[in-house]
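Next come the chains, spelled out residue by residue.
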Amino acid sequence: MTKPRPMGRSTARLIPISGVTGKGPACFLLEGGDRRILLDIGVGPDRGAAPDLSAIGRVDAVLLSHAHADHAGGLHLLGAVGNPPVYATDITAAQLPREWSGRLNSLPLSGQIDLFGIKLTTGRSGHAPGGVWLHLGVGNGLFYGGDMSFESELYAIDPPPSAATAVIDASAGLDDTPQADRRSAMRHLLRQGDALLPVPAAGRGPEIALFVVEEICRKPSLCPELRETVANLCGPWRDTLRAGTADRLSFLLAMAGAVEHRWPGPRGVVIAANVMADAGASARLLPGWLDRRDGAIVLSGYVPDDTPVGRVKGMGRAEVAGWNVHPRISDNARLLSALGARTAIPAFNGRVPRCDWEAAFAPAGLALGDVPV
């Protein structure tokens, strides 16, 4: 039997399976030297969205950037690609369903491993607990950002090494609104009155809760899932945080109120998972909140139209106060410059015309399909 050749520095090719032409699930195939590696395997965020794996064939490994469903929710599809080993940080693994969490191979939060002769470097991505960017030592370097944030006051971000080819988180498109302006808008909405905020518990939820305590000086009520996330961030997940923030989260946990499992629940600022309100505490609270005339429903990120919060938004019943959990266009331009990237692949946003991407990312060239690495 012929032994597979390692990729190493040999010519490789990156093939976007899903995630380039719109706000679709993340899934990219890297192949070369008889080795084939999937970068993320997500589903959603729009209902029913999944990568088409029917023509891919067997792969040797799957690398997960973080635990959010649009990056890691497709693990049930692994049979279509030969049930390869899956790699993720221990913090990411702890957030996945139990049938997967004990079967994953460990990635460092910030470090290096050898994978099939490839030097795989990881660093914290600033987006979610346990989230990392991936740098693979193939060709002249491949950088895969997954989801990133350069403005989080909670989650740490590490600088990556140089890479000629970069898959960047372009979820925010050409938006360059700074987080300071986002915080000002949120402060205006939450300074007084009651408000329900459906959030991802293992994402911007803890950061918004910390903002409510420290900048608005209000006592938020947190759902059990969010309280569990904050407790983990204060303990076993604290390495994913910026220095000094674990103590601030401990104070948040000590003074925050609890969300009841039934309506009417608490008054004031209520922060509840999940972000779509199709399950969890937010799903239980939303119907009663809609009947109220004295309570706002505040959305802080992308919501598909065919979800409960999407329908509430369509009714004009929700307030929108975005929270930067993805790079601004200026962040991505600086990232590409720091990487020394010659080719940029904008992921997770298909609404921006090609000419605008080209102008924003020059002098790096643009790729929207297969690209040699």
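This text goes with the structure placed above it.
The structure displayed is predicted, hence computed values, not measured ones. (Residues numbered from 1 in each chain as written. Predicted model: local features only at pLDDT ≥ 70, side-chain atom pairs only at ≥ 80, totals over all residues. Heavy atoms only, no water.)

Just checking my understanding: could you explain the overall build of the chain for this structure?
A tally of regular secondary structure across the chain gives 11 helices and 20 strands. By the compact-globule yardstick of 21 Å for 373 residues, the chain fits well, its C-alpha radius of gyration being 21 Å. Each of the 373 residues in the chain was classed as buried or not, and the buried ones make up 58%. Looking at the chain, you have 37 positive and 37 negative side-chain charges, and the mean spots of the two groups are 2 Å apart. (Helix = DSSP H or I, 4+ residues; strand = E, 2+ residues; numbered from the N terminus. Rg over C-alpha atoms; globule rule 2.2 N^0.38 Å. Buried < 20%, exposed > 50% of the residue type's maximum accessible area, 1.4 Å probe, protein only. Lys, Arg positive; Asp, Glu negative; His and termini not counted. Charge placed at Lys NZ, Arg CZ, Asp CG, Glu CD.)

Quick question: what am I supposed to make of the sheet that holds strand β9 (residues 132-136) here?
What holds strands together in a sheet is hydrogen bonding between their backbones, with the strands either parallel or antiparallel. Here we have 7 strands laid out as an open sheet, ordered β7-β8-β9-β10-β11-β18-β19, and mixed in their pairing. Strand pairing shows two members of the sheet lacking a second neighbour, β7 (111-115) and β19 (365-366), which therefore form its edges. Alignment of β7 against strand β8 (residues 118-124), held across 5 bridges, turns out to be antiparallel. Considered in β8, the bridge of Q112 is made with T121. Here helix α10 (residues 329-339) sits on the sheet and contacts β10 (142-144), β11 (165-169) and β18 (343-347); the angle it forms with β11, its principal contact strand, is near 160 degrees. (Pairing = 2+ DSSP bridges. Contact = heavy atoms within 4.5 Å. Axes fitted to C-alpha atoms, helices over the stretch in contact; angles between N-to-C directions.)

Teacher, can you tell me more about unusual backbone geometry here?
A negative phi angle is the norm for most residues apart from glycine, just as the trans form is the norm for most peptide bonds. Cis geometry is adopted by the peptide bond preceding N274, which originates at A273 and carries an omega value of 10 degrees. Of note, N274 is situated in the loop between β15 (269-272) and α8 (280-290). A cis geometry characterises the amide bond from A362 onward to P363, with omega recorded as 15 degrees. Mapped onto the elements, P363 comes out in the loop between α11 (354-361) and β19. At D40, a residue that is not glycine, the phi angle is positive and equals roughly 70 degrees.

Before we go on, may I ask you to explain the environment of G57 in this structure?
Along the chain, G57 turns up in the loop between β3 (35-39) and β4 (61-63). For G57 and V167, which are 110 residues apart along the polypeptide, the C-alpha to C-alpha distance reads 23 Å. With residues near it in sequence (within four places) discarded, G57 still touches R36, A80 and V81.

Just checking my understanding: could you explain the pairing of strand β2 (residues 27-32) for this structure?
Regular strands place their side chains on alternate faces of the sheet. The buried count for β2 comes to 5 of 6 residues, which makes it a mostly enclosed element. In the sheet, strand β1 (residues 13-18) pairs with β2 via 5 bridges, with the strands oriented antiparallel. The residue of β2 that forms the bridge with R13 is E31. The pairing of β2 with β3 spans 5 bridges and is antiparallel. Among the inter-strand pairings, E31 is bridged to a residue of β3, identified as R36.

Looking at this structure, how should I read empty space enclosed by the protein?
Think of a ball as big as a water molecule: rolled over the atoms, this probe shows where empty space is left. Per the counting criterion, the structure on display carries 1 cavity of 30 Å³ or more. Counting residues per element, the lining of the largest cavity draws most heavily on helix α5 (residues 204-215), at 4 residues. Taken together, the residues of the lining of the largest cavity break down into 2 nonpolar, no polar and 5 charged. (1 Å grid on protein atoms, 1.4 Å probe; cavity = no way out; pocket = protein on both sides within 12 Å on 5 of 7 lines; lining within 4 Å. Points joined across faces, edges and corners; volume = space filled by probe spheres on them. Nonpolar A, V, L, I, M, F, W, Y, C, P; charged D, E, K, R; others polar.)

Looking at this structure, how should I read the packing of aromatic side chains?
The description of two aromatic rings rests on the distance between their centres and on the angle between their planes. Under the criterion given, the structure shown has 4 aromatic pairs. Judged by centre distance (5.3 Å) and plane angle (65 degrees), the ring pair of F211 and W323 falls under edge-to-face. Placement of the pair is F211 in helix α5 and W323 in the loop between β17 (318-320) and α10, with a sequence separation of 112 residues. W323 carries the same exposure label as F211, and that label is buried. When the ring centre of W289 is taken as reference, the NZ or CZ atom of R292 above it lies at 4.5 Å. (Phe/Tyr/Trp six-rings, centres within 6.5 Å; stacked < 30°, edge-to-face > 60°. Lys NZ or Arg CZ within 6 Å of the ring centre and 35° of its normal.)

Can you walk me through the environment of G365 in this structure?
Looking at where G365 falls in the secondary structure, it is placed in strand β19. Accessibility expressed as a relative area gives 30% for G365, which makes it partly exposed. For G365 and N349, which are 16 residues apart along the polypeptide, the C-alpha to C-alpha distance reads 17 Å. Not counting the four nearest positions on each side in its chain, G365 is found in contact with R342, T343 and A344.

What am I meant to see in the sheet that holds strand β16 (residues 295-299) here?
Within the open sheet, the 6 strands sit side by side as β14-β13-β15-β12-β16-β17. Their pairing is parallel. Two strands lie at the open edges of the sheet, namely β14 (257-258) and β17, each paired on one side alone. Bridge count between strand β13 (residues 221-222) and β15: 2 bridges; the pairing is parallel. Of the residues in β15, the one forming a bridge with S221 is V270.

Is there a simple way to explain the pattern of salt bridges in this structure?
When the charged atoms of two side chains with opposite charge come close together, those side chains can pair. Counted under the stated rule, the structure contains 17 salt bridges. Residues R47 and D306 are paired through a salt bridge, measuring 3.6 Å at the closest nitrogen-oxygen approach. With a gap of 259 residues between them, R47 in the loop between β3 and β4 and D306 in the loop between β16 and α9 (308-314) connect regions that are remote in the sequence. For R47, a relative accessible area of 54% gives the class exposed. The salt bridge partner of R334 is D331, with a shortest N-O separation of 2.8 Å. (Salt bridge = Lys/Arg side-chain N within 4 Å of Asp/Glu carboxyl O.)

Quick question: what am I supposed to make of the packing of helix α4 (residues 179-190) against α5 here?
Contact pair α4 / α5: the axes reach a minimum separation of 11 Å and the direction vectors enclose 70 degrees. Overall, the two elements α4 and α5 adopt an arrangement that is roughly perpendicular. Crossing geometry of α4 relative to α5 is assigned as right-handed. Across the interface between the two elements, R183, M186, R187 and L190 of α4 pack against I208, F211, V212 and E215 of α5. (Parallel < 35°, antiparallel > 145°, perpendicular 65-115°, else oblique. Left-handed = near helix turned anticlockwise from the far one by under 90°.)

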